[in-house]
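Fold and contact review
The chain contents come next:
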Amino acid sequence: MATKTEDYLGITDYKVIGTRPIRHDGVDKVIGRAKYGADIDMAGMLHGAVVRSPHAHARIKSIDTSKAEALAGVKAVITVEDLPLQEDKIEDLGEGAANLQHLRANVLADGKVLYHGHAVAAVAATDIHTAQEAADLIDVEYEVLQPVLTVQEAMKEDAPLLLENQTTESLGEDTGQKSNVCTHFRHELGDVERGFAEAELVIEREFDTATVHQGYIEPQNATALWSADDQITVWCSTQGAFTVREQAAQILDVPVSQVKVVPMEIGGGFGGKIRIYLEPLAAVLSKKTGRPVKMVMSRTEVLQATGPTAGSFIKCKMGVDKAGKIVAAYAYMAYESGGFPGSWAAPGAMCIFAPYNIPNVLIDGYEVLVNKPQTMAYRAPGATNAAFASETIIDELCEQLDVDPLEFRLKNSAREGTRRADGPVYPRIGNEECVKTALSSEHYATQLNGKNRGRGIASGFWFNVGLKSSAAASVNSDGTVSLVEGSTDIGGTRTSIAMQLAEVLGIRAEDVKPQVADTDSIGDTDVTGGSRTTFATGWAAYQCALDIKEQLIERAAKLWEISTDDVVFDDGTFSSSDSSKTLSFKELAGMLDETGGPVMGRATVNPSGVGGAFAVMIADIEVDTETGKVEILRVSVIQDAGKAVYPSYVEGQMQGGIAQGIGWALNEEYAYNRDGLLTNASLLDYRMPTCLDLPMIETHIVEVPNPGHPYGVRGVGEVPIVPPAAAIANAIYDAVGVRMTNLPMSPGEVLKALWSKNGENGTA
Amino acid sequence: MNAFDYEAPQSVDEAISLLSAGNGNVGILAGGTDLIAQLKEGRKIDLMLDLKQIPEATALSFDEDSGLSIGAATSCSKIYGYDVVQSRYPALVDCTSLIGSIQIQNRGTVGGNFCNASPAADTPPAVIVLGSTCRIAGPNGMREVAAEDFFTGPGQSVLQSGEFLVSIQVPTPAANSGAFFLRFIPRNEMDIAVANAAASVVLDSEKTTIQEARVAIGAVAPTPLLVADAGAALVGKAVDDEDAIEAACAASRAAARPISDMRGTIEQRIHLSGVLTRRAIQGAIQRAKES
């Protein structure tokens, strides 16, 4: 086994890693047999509906459920009174954390509604239409309060307070100051004032980015059965069954052992399916009725009431010296938390200047309450907003210095040993290799011609995470291995995990039968998030295979009556060291009964050797100067995967991240009116790109192995969404000479920018 | 969704008698792409009246003398798949082939698009510039209304209680004529127009001078608008008369009285009325030249 970076460099003789076998869940998903949460049906099952706030900010004066309860077919109605009280305690969710009082008040409003669509009550009835009719019959009397919709408004001293007891924690200390600002943190490296004083050229800009949705196609859903012996089973769509179990047990005030969470197949998550919404409601409604209760959100509910990712206001300033080296950087990053604390300025701050070696950095981060749904992770949460600021300033620096933007990035690149402003010193990373690959690409070498066309470059970083994973595997007598693991399969992780087990055992990926198990059937496993699954659960599968290998060596030794030291295992074959005896993996698997019984492997990991990921994007666009519409002509993405276990999935992640990033860049935004009501809670008016809006996205996988993983794997899922907004903004500037500082760069916004540059007649 | 009765009358007369029988709130079903979505969002009806069994409402036919007859319940994809429409009414292909998705086009109808009367509807401008007539059945028999006079406000039309739209009659295109429709949306499909426009022109036999012209714009007023001044600015002018085309665009901008919403601002929509009017006129002239 290779243990150091150097051991991997040049390794090309993997048998399974790096190949593209048929995915294990492919047939079921292609023919529609895969089971999603909405497919669940059970005898006696009731259907739930949620009453939601029509206001963005209001005090609940009274809730009258009597008319709903009197409606034929209604079996139960609940409000927050039906949820146990909670302590003021923080629960770690793997990606993000939740205060339990806030989680409870988010699941069902506790005295106050904090956003349009905030759940107020829930109903269970014999069919969904009756449940919805009953929900309409619940009278809620509100005292409407002034909504606070942007971080700038919310940070004003006289701003209405969303949570009356919220005080600001500043630099780790509770200030006792009541405010919508929940957190202020700071990262400091070197002496930023001196750095700017030494700079030859300094550029400072302000940026606004809209609240955006992850855009998973499957709405949140949950079915719960609270049985008479107080055992609770929950079937749901989640990125982490154990995270759901933990949250649900806390909210319901029962031990975790009483809750079993069965993760169904997932129709996308992107960070949005970690916090719970419906699960406790379905559970309490089931407890009240003794029957299973199913709840499925409508698209409108998904958009109004589940966590989008944070909009932000960022001030960014960067300075370069005469030699074109970045000498100082400053960022003020204020991110929306939504109605409850917890936001994404912190990860944004870890990423904002991460691709560069900058000696003097100061970053101030603020997480701020606004009357929007409590924000949630979204694919490298916080980093896209951050890169939009820093990477467009870098483009402006390059323009003023008259240097090639990729050469500038190469010259200033972070590398092994560079310290990031938030503390860590990089191990071996692949940023330089990504920039060099971009520089030598056919795309970059091809000149872009034509009026109103432009090319933009941007870099991105995401740190990736490790966290807990478990795997168990049993050897079958036909030479296959059944693998059980706890990571929701997003993007083909069943297969990329199984391949790491297969590589060790010298068997084919198809000879591994991977299965995602419920919380009673496998050890604790954190969420599929943070680009961790192929890295960490794959590592568990690798360890699990080593465990199996060791046991099989013992069996061979027993069979051949030799010492285990004299058994050699290579390329799927066991042999005695004198080569007189050999058995294939399959042959030995068929002899387990006669050598001592079944063989199972198991492993749990909590790895620390996470390898950060870098990406570079090249975007060619054309602006219709009469309408402000941006057409994407050609896009390339270059990304360091460490080792691409399954290259097609890595390419899929790269293309998916770029596609979502293009949507974020051009059209996506939660459109709140002045009253704080969401006016575009549908996928018609929340404009994600369709396939007609995207070109083929060209991918270049760079492989600089992560020294912290047995196969050199880095996470790949998140970083590709980081550069697109900045790359497209830079391309727009190259095309038509306007610097866009707000997201989205929708046609109306580009038109306005063109008008202020040229005057309206200049464009017609 | 609440419970409601469903009827599928076999004739216009049967539909009229069901409509006048005092059945409470009636929802008229053609493709259902608006109605069913509205029911899911809480609209309450007592009776759903399905037009798809009425021959006149599903017919799609062409006659050299009377022109094209489009039954109100004829799907968009049937319309743009009809060879006569493809060869002689390309502006109808323009609009019917860009509404929603292919699935929506297989269900949604021009009649429904008219009766739903969204200010941003994509079929009215083309239907209007082609000089079409709406045929409406009611308790007192059939009446006809010019397409541009059909709309009275957002979600509102000239249809009276007890009436329904049976078909739309589109005249046979004149020789040397052309028509064109386009809309502006931020994406390239699956979107509601921020603004849209259609133009039709009839050229002289040399195809150098505009003899007749009509321009209509949408999503920029409470109803689709026939901009008479825009058409008038082009009549008698050379096809390459930039000043005349600019005058037509100015007329559209002047006629537009849009609102600001999450799809676009007043300024953007007024501006787009001019941009799209120009592009529609240029497209119509090009088609007339190629006719």
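A short tour of the structure in this document, coming up. (Residues numbered from 1 in each chain as written. Chains lettered and ligands numbered in written order. Predicted model: local features only at pLDDT ≥ 70, side-chain atom pairs only at ≥ 80, totals over all residues. Heavy atoms only, no water.)

It is worth spelling out the packing of aromatic side chains at this point. Any aromatic ring pair is given by two values, namely how distant the centres are and how the planes are angled relative to each other. All names here are of chain A. Counted according to the given criterion, the structure contains 19 aromatic pairs over all chains. A ring pair is formed by Tyr332 and Tyr366, whose centres lie 5.0 Å apart and whose planes are at 40°; its orientation type is tilted. Of this pair, Tyr332 sits in strand E18 (residues 326-338) while Tyr366 sits in strand E19 (residues 360-369), and the two are 34 residues apart along the sequence. Look at Tyr332 and you get buried, because its relative accessible area is 15%. We classify Tyr366 as buried; its relative accessible area is 15%. Arranged with centres 5.9 Å apart and planes meeting at 65°, the rings of Tyr426 and Phe614 form a pair that is edge-to-face. With Tyr426 in the loop between helix H13 (405-411) and helix H14 (431-439) and Phe614 in strand E28 (residues 613-624), the pair connects residues that are 188 residues apart, well separated along the chain. (Phe/Tyr/Trp six-rings, centres within 6.5 Å; stacked < 30°, edge-to-face > 60°. Helix = DSSP H or I, 4+ residues; strand = E, 2+ residues; numbered from the N terminus. Buried < 20%, exposed > 50% of the residue type's maximum accessible area, 1.4 Å probe, protein only.)

So, on to the interface of chain A and chain B. The partner chain B presents 18 residues to the 28 residues of chain A that form the contact. With both chains or domains summed, chain A and chain B bury close to 2,100 Å², and 51% of this area falls on carbon and sulfur atoms. At the junction of chain A with chain B, the criterion picks out four salt bridges. Inspection of the chain A/chain B interface yields 15 residue pairs in polar contact (both at pLDDT 80 or more). Taken together, the elements giving at least two residues each to the side of chain A that touches chain B come down to helix H5 (128-137), strand E29 (629-640) and helix H21 (747-758) of chain A. Of the residues belonging to the side of chain A that touches chain B, the class tally is 11 nonpolar, nine polar and eight charged. (Contact = heavy atoms within 4.5 Å. Buried area = accessible area lost by both parts, 1.4 Å probe. Salt bridge = Lys/Arg side-chain N within 4 Å of Asp/Glu carboxyl O. Polar contact = N/O pair within 3.5 Å; in protein donor to acceptor, adjacent residues only side chain to side chain. Nonpolar A, V, L, I, M, F, W, Y, C, P; charged D, E, K, R; others polar.)

Right, let's talk about the sheet that holds strand E5 (residues 67-71) of chain B for a bit. Residues and elements named next belong to chain B. Taken in spatial order, the five strands line up as E4-E5-E10-E6-E7 in an open sheet, and their pairing is antiparallel. The open sheet is flanked by strand E4 (60-63) and strand E7 (141-146), the only strands paired with a single partner. Ignoring strand direction, the axes of neighbouring strands in this sheet form an average angle of 25°. When strand E6 (residues 133-138) meets strand E10 (residues 164-170), the two strands line up antiparallel, connected through five bridges. Within the sheet, the bridge partner assigned to Arg135 lies in E10 and is Ser167. The strands touched by helix H1 (residues 12-19) are E6 and E10; relative to E10, the strand with the most contacts, the crossing angle is about 140°. (Pairing = 2+ DSSP bridges. Axes fitted to C-alpha atoms, helices over the stretch in contact; angles between N-to-C directions.)

In total, this model carries 53 salt bridges over all chains according to the counting rule given. When salt bridges with common partners are traced through the structure, they connect Arg23(A), Asp25(A), Lys29(A), Glu265(A), Asp489(A) and Arg494(A) into a single cluster.

So, about helix H20 (residues 724-736) of chain A. Residue and element names in this part refer to chain A. An ideal rise of 1.5 Å per residue puts 18 Å on 13 residues; H20 measures up with 18 Å between its terminal C-alpha atoms. Of all the positions in H20, only Pro724, Ala725, Ala726, Ala727, Ile728, Ala729, Asn730, Ala731, Ile732, Ala735 and Val736 are classed as buried. Phi turns positive, to about 75°, at Gly737, one or two residues after H20. (Expected span 1.5 Å × (residues − 1).)

What follows concerns a negative patch on the surface. Residues and elements named next belong to chain B. Among the surface-exposed residues, Asp5, Glu7, Glu14 and Asp46 lie close enough to one another that they form a single negatively charged patch. Relative to the helices and strands, Glu14 is located in helix H1. Here Glu14 falls in the partly exposed class, since its relative accessible area comes to 32%. (Patch = residues over 30% accessible without salt bridge, like charges linked within 9 Å, V, L, I, M, F, W, Y side chains within 5 Å. Areas by Shrake-Rupley, 256 points an atom, 1.4 Å probe, with all protein chains shown as cover. Lys, Arg positive; Asp, Glu negative; His and termini not counted. Charge placed at Lys NZ, Arg CZ, Asp CG, Glu CD.)

Turning our attention to the side chain of Arg555(A). Its location among the elements puts Arg555(A) in helix H17 (residues 533-560). As a buried residue without a salt bridge, Arg555(A) has its nearest oppositely charged side chain in Glu554(A), at a separation of 6.0 Å.

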